[in-house]
Every structure is written in C-alpha cells, then in structure tokens.
Protein chains: 2
Amino acid sequence: MLTVHHLGISQSERIVWLCEELGIPYEYKRYDRDSVTRLAPAAYKALHPDGTAPVITDGNLVLPESGAIIEYIIAKYGNGKLTVGKDNPAFADHLFWLHYANASFMPNHMGGMFALMTGDKSDNPMLAMIDQRKANSYALAEKYLGRAPFFGGKDVSGADINMVFVLTTMRMFVPHDLSNSPNIRAYLQRIGARPAYQRAMAKAEPGMPPLLT
Amino acid sequence: MLTVHHLGISQSERIVWLCEELGIPYEYKRYDRDSVTRLAPAAYKALHPDGTAPVITDGNLVLPESGAIIEYIIAKYGNGKLTVGKDNPAFADHLFWLHYANASFMPNHMGGMFALMTGDKSDNPMLAMIDQRKANSYALAEKYLGRAPFFGGKDVSGADINMVFVLTTMRMFVPHDLSNSPNIRAYLQRIGARPAYQRAMAKAEPGMPPLLT
C-alpha cells in the first residue's frame, strides 16, 4: 500500500496533492514538527537517513525526494494522468519546471535564508547575488505563465505538483511579494480552485490557508 | 541540430558525456569563464536568463537544467539507451539519484561554501548542520554503491550522468575526502574506464584530469 508520510508545513504537501489529483488510494500519516526546534521528529528521520520531507513507502520501498516521488507515482499509478509525453510541444518545458523547482528555484529562494542564519546580516556581494538569483527565478516563472496556463503547457502535470509548493508554502519561510507578478497570481488562483488541491491542503494543513496571493 | 553549450569547468560536462554515451551527433560549443571573476561570459548568459550551465539548443528550443536536459535527450534521441523502465527493480532508485544529484546533494555540498562566502567564518550551528547534510549525502551514495554498481542499478543510466559531476568536478570547488568511501572510489574507477566518459572529458576539459580519486 502506498503511504504518504507528511511532515507538517513541508514539501510533502505536494505528494498529498498528487494523490488527490490522481484519485488513487493511499494511506496518509502525519508527523508534527518539534514545537521548539521546528525540525522533523525522530519518527520522521527514522524513515530515511536524510530525514527530509517528503518520503513515501510502497511495500518495501522507502523513497524520498520530491521529483523522484512525483515521477514514480505518476509512472506506477497515474494511468497516463498528469504526464506530458515526448511528442507534446510542452515536453521540454514540463521537464524543465519539474527539475527546476527543487534543483534551482528552491536553492535560489532559500539561499539567502541560510546565508543570513550563519550570522552575517551585512550587505555583501554574495547576498546580492543570491537575491538576484531569487528574483530571476520568479521572473522566469512569471514569463512562462504568460504563455502557458500550467508549467507543463495547457494541462496540469507533475511539473505543477513540484512548482506549487515553491510558489506558496515556501514563501512562509522566506517572503516574496507577488504584487508585480500577475501571471503567477492568476496561476495560483487556478490551482487554488482545483478540488484536488483544496482536498489535499485541507488534509495536510487544516489550520493553514494556502498562500495563494 | 542538437547543440551542447559547454561552459568550462561546469555541470555541462555531463551533457557532453551523455551525448558520447548515446553515440549521437551533436554540435559542441565551448565558452570559457571570465579569467578574473570566474563567472560565465556574456555570450553564455545570453543563451538563457538564468545564465547557468548546462544549456542545450535544439532547433528553436533553448533548455537549461541538468536533469531536464538528461531526460529530454534520452527520451528524444536515446533509442532506449540509459533508461530504467518502470518494471525494472531499480526504477525508484534511478529516479531518486537522478533528482537527488542537484536537488539535494549539490545544495548540501555547496551550502557551506555560500555560507562562508557571506563573510562569517565562525563556528555556528547552521554551518555544522550544513556540514552534516554534506556528510549524510556522501554516506548515502557510499551505501547505495555497496549494493549496486551504478546509480540506476546494474547498468549506467541518466542517474549516473547527473551524479558523476557531483562526485568529481564539484569537489574542485569544495573538497571532500573519499578515503573512507571505498564504494564511491571503485564506482569512479568504473566510470573513468568508460571510453565515452574519457572522450567527453578530453573534449570538455582537455587540461583537467577528472577527479576520480
């Protein structure tokens, strides 16, 4: 049985959403962060040595890493849903955003936080470079959503599953103002209107309104 | 025509290697880093707004992001080579390493460098956490390579194309001692013995012996 191990307020909300979009049966287990350190509890870290969310289990398989889980579940249980085939004109775009979400956008967004948490709050070229990379990532997403309604072209796909967390819940850790990003805001409204996303977020974060604006 | 835009000493060596493994025709363009700043030259940044390597062009398509390029080229031009299908027992492992390379391993490895470059050289909990994450990533790779010869199971796959840079050239930016990682060292010897890898590195970095030990 496919089990989604959800760590509260983390990237694993993606996998709850994915399962709701696919309408597949899955077991759901929630783990709360330590109330003082805000880190994952020991039970979550015991799932996999990296101790990061998300993690799924499926029989004997224990699989972390958002992009890998998204591709695995879609291939194994998706029945062709949420895929963008190699003859689709958006094939390359879909692959780009599927990987870009965590390999570039998230490090670009979070880099400043890690740098600041090391103690140096001063103005320096490295922090400026990190800020510029973050701004570039948002600009790239804003531009793409001006020519396609979803990150894999005209329909929702695995690329959206990976990108939405980056544009929503991640901004609770490092804020980013979307007032000059009308395409991203319109996109988030489209996502927020999806019943599967609403079901997933009500299940994964019942006390937290999704950050869609 | 598929064109690989290689920025000297960068992640784009992966894509040269990928094309050599597949034995497909491709155009090769090399760009040298600025001799003072070590950053990409303007001609490379002009390819794509993010200005990061690798980038490929294919007709009108301009595609950055290692993982996306690897999946794109293998799907479009691979004729089934370097793939790990969904019924292969290593399917999930292959997906894990394909994504883990740049979404987790590389940020874990490079995080310390960015933190130090912000100016704070002191001992603090954030740097210790970053070091621990780096150590965990190497330990995870070492363990996996004790039970499989390649990152996608018994044969070379796209997961190896993404992982090898992380274990070799990336260590020129942030050193990491492999003396206690016999499985990784044996793996790098296997990779280094591959004619396609040798051809790729001779082409991409003629003056630089690959960091295989």
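Residues numbered from 1 in each chain as written. Chains lettered and ligands numbered in written order. Predicted model: local features only at pLDDT ≥ 70, side-chain atom pairs only at ≥ 80, totals over all residues. Heavy atoms only, no water.

## Observations regarding the sheet that holds strand β2 (residues 27-31) of chain A
Residue and element names in this part refer to chain A. Strand order in this open sheet of 4 strands is β2-β1-β3-β4, and the pairing throughout is mixed. This sheet does not close on itself; its edge strands, each paired only once, are β2 and β4 (61-64). The average angle at which neighbouring strand axes cross in this sheet is 20 degrees, direction not considered. Here 4 bridges tie strand β1 (residues 2-7) to strand β3 (residues 55-58), and the two strands are oriented antiparallel to one another. Looking at β3, one finds that V4 is bridged to I56. Most of the contacts of helix α3 (residues 66-77) go to β4, to which it runs at about 130 degrees, and overall it touches β1, β3 and β4. (Pairing = 2+ DSSP bridges. Helix = DSSP H or I, 4+ residues; strand = E, 2+ residues; numbered from the N terminus. Axes fitted to C-alpha atoms, helices over the stretch in contact; angles between N-to-C directions. Contact = heavy atoms within 4.5 Å.)

## Digging into the packing of aromatic side chains
Residue and element names in this part refer to chain A. Evaluation of the coordinates by the stated rule reveals 26 aromatic pairs over all chains. With a centroid separation of 4.7 Å and 25 degrees between ring planes, the pair formed by F96 and Y100 is classed as stacked. With F96 and Y100 both in helix α4 (residues 91-117), this residue pair falls 4 residues apart, about one helical turn. By relative accessible area, F96 is classed as buried at 5%. Overall, the relative accessible area of 1% leaves Y100 in the buried class. Where Y100 meets F105, the ring centres are 6.0 Å apart and the plane angle is 70 degrees; that geometry is what we call edge-to-face. Residue classification places F105 among the buried positions, given a relative accessible area of 0%. Connected via pairs of aromatic rings, a cluster forms that spans F96, W97, Y100, F105, Y138, Y144, F150, F151 and Y187. Positioned above the aromatic ring of F150 is the side chain of R190, whose terminal nitrogen or guanidinium carbon lies 5.7 Å from the ring centre. (Phe/Tyr/Trp six-rings, centres within 6.5 Å; stacked < 30°, edge-to-face > 60°. Buried < 20%, exposed > 50% of the residue type's maximum accessible area, 1.4 Å probe, protein only. Lys NZ or Arg CZ within 6 Å of the ring centre and 35° of its normal.)

## Overview of the sheet that holds strand β1 (residues 2-7) of chain B
Residue and element names in this part refer to chain B. The mixed open sheet is built from 4 strands, whose spatial order is β2-β1-β3-β4. Each end of this open sheet is capped by a strand with a single partner; those strands are β2 (27-31) and β4 (61-64). In this sheet, adjacent strand axes meet at a mean angle of 20 degrees when their direction is disregarded. Both strand β3 (residues 55-58) and β4 contribute to a ladder of 4 bridges, which runs antiparallel. Each bridged residue has a counterpart across the sheet, and for V55 the counterpart in β4 is P64. Packed on one face of the sheet, helix α1 (residues 13-22) meets β1, β2 and β3 and runs near 145 degrees to β1.

## Some details on the nonpolar core
Judged by nonpolar contacts, the single largest core of 121 residues is most densely connected at A:I73, A:W97, A:F151, B:I73, B:W97 and B:F151. When sequence neighbours within four positions are dropped, the list of residues in contact with B:F151 reads B:D93, B:H94, B:W97, B:A141, B:Y144, B:L145, B:A159, B:D160, B:M163, B:L167 and B:Y187. (Core = buried A, V, L, I, M, F, W, Y, C linked by side-chain atoms within 4.5 Å.)

## Topic: empty space enclosed by the protein
Tallied over the entire structure, the rule returns 2 cavities of 30 Å³ or more. Its boundaries defined by the atoms lining it, the largest cavity holds a volume of some 80 Å³. Of all elements in the fold, only α4 of chain A together with α4 (91-117) of chain B reach the threshold of two or more residues within the lining of the largest cavity. Among the residues making up the lining of the largest cavity, the classes are represented as 4 nonpolar, 8 polar and 2 charged. If you add up the space inside the second largest cavity, you get close to 30 Å³. Lining the second largest cavity we find B:E13, B:R14, B:W17, B:I161, B:V164, B:F165, B:Y197 and B:M201. Looking at the lining of the second largest cavity, the elements with two or more residues in it are α1, α6 (158-167) and α8 (195-204) of chain B. Class assignment of the residues belonging to the lining of the second largest cavity gives a composition of 6 nonpolar, no polar and 2 charged. (1 Å grid on protein atoms, 1.4 Å probe; cavity = no way out; pocket = protein on both sides within 12 Å on 5 of 7 lines; lining within 4 Å. Points joined across faces, edges and corners; volume = space filled by probe spheres on them. Nonpolar A, V, L, I, M, F, W, Y, C, P; charged D, E, K, R; others polar.)

## A look at the packing of helix α6 (residues 158-167) of chain A against helix α7 (residues 182-192) of chain A
Each pair of packed helices can be summarised by the angle the axes make with each other and by the distance between the axes. Residue and element names in this part refer to chain A. It is at 12 Å that the axes of α6 and α7 come closest, and there the two elements cross at 115 degrees. Taken as a pair, α6 and α7 cross one another with a handedness that is left-handed. Between α6 and α7, the contacting residues are D160, V164 and L167 on the first element and I184, Y187, L188 and I191 on the second. Of the residues belonging to the contact of α6 with α7, the class tally is 6 nonpolar, no polar and 1 charged. (Left-handed = near helix turned anticlockwise from the far one by under 90°.)

## Topic: the pattern of salt bridges
All names here are of chain A. Taken as a whole and assessed by the stated rule, the structure comprises 12 salt bridges over all chains. Two residues, E21 and R194, come together in a salt bridge whose shortest N-O distance is 2.7 Å. Residue E21 is located in helix α1 (residues 13-22), and its partner R194 is located in the loop between α7 and α8 (195-204); the two are separated by 173 residues in the primary sequence. You can call E21 buried: its relative accessible area is 12%. Connected via shared salt-bridge partners are E20, R199 and K203. (Salt bridge = Lys/Arg side-chain N within 4 Å of Asp/Glu carboxyl O.)

## Let's talk about the pairing of β3(A)
Burial along β3(A) is two-sided: A:V55 and A:T57 and A:I56 and A:D58, pointing in opposite directions, are all buried. Between β3(A) and β4(A), which pair antiparallel and follow one another directly, the connecting turn spans 2 residues, one of which, A:G59, has a positive phi of 65 degrees.

## Some words on the environment of A:F165
Residues and elements named next belong to chain A. Relative to the assigned elements, F165 resides in helix α6. On the basis of relative accessibility, which here comes to 4%, the residue F165 falls in the buried class. Beyond its immediate stretch of four places on either side in the chain, F165 contacts S10, Q11, E13, R14, M106 and M170.

## Let's talk about the environment of B:V164
Residues and elements named next belong to chain B. Inspection of the secondary structure puts V164 in helix α6. Accessibility expressed as a relative area gives 0% for V164, which makes it buried. As for V164 and I191, which are separated by 27 residues in sequence, their C-alpha atoms are 8.2 Å apart. The residues contacting V164, other than those within four sequence positions of it, are W17, Y187, I191 and Y197.

Everything listed here is a matter of geometry and, on its own, says nothing about what the molecule does.
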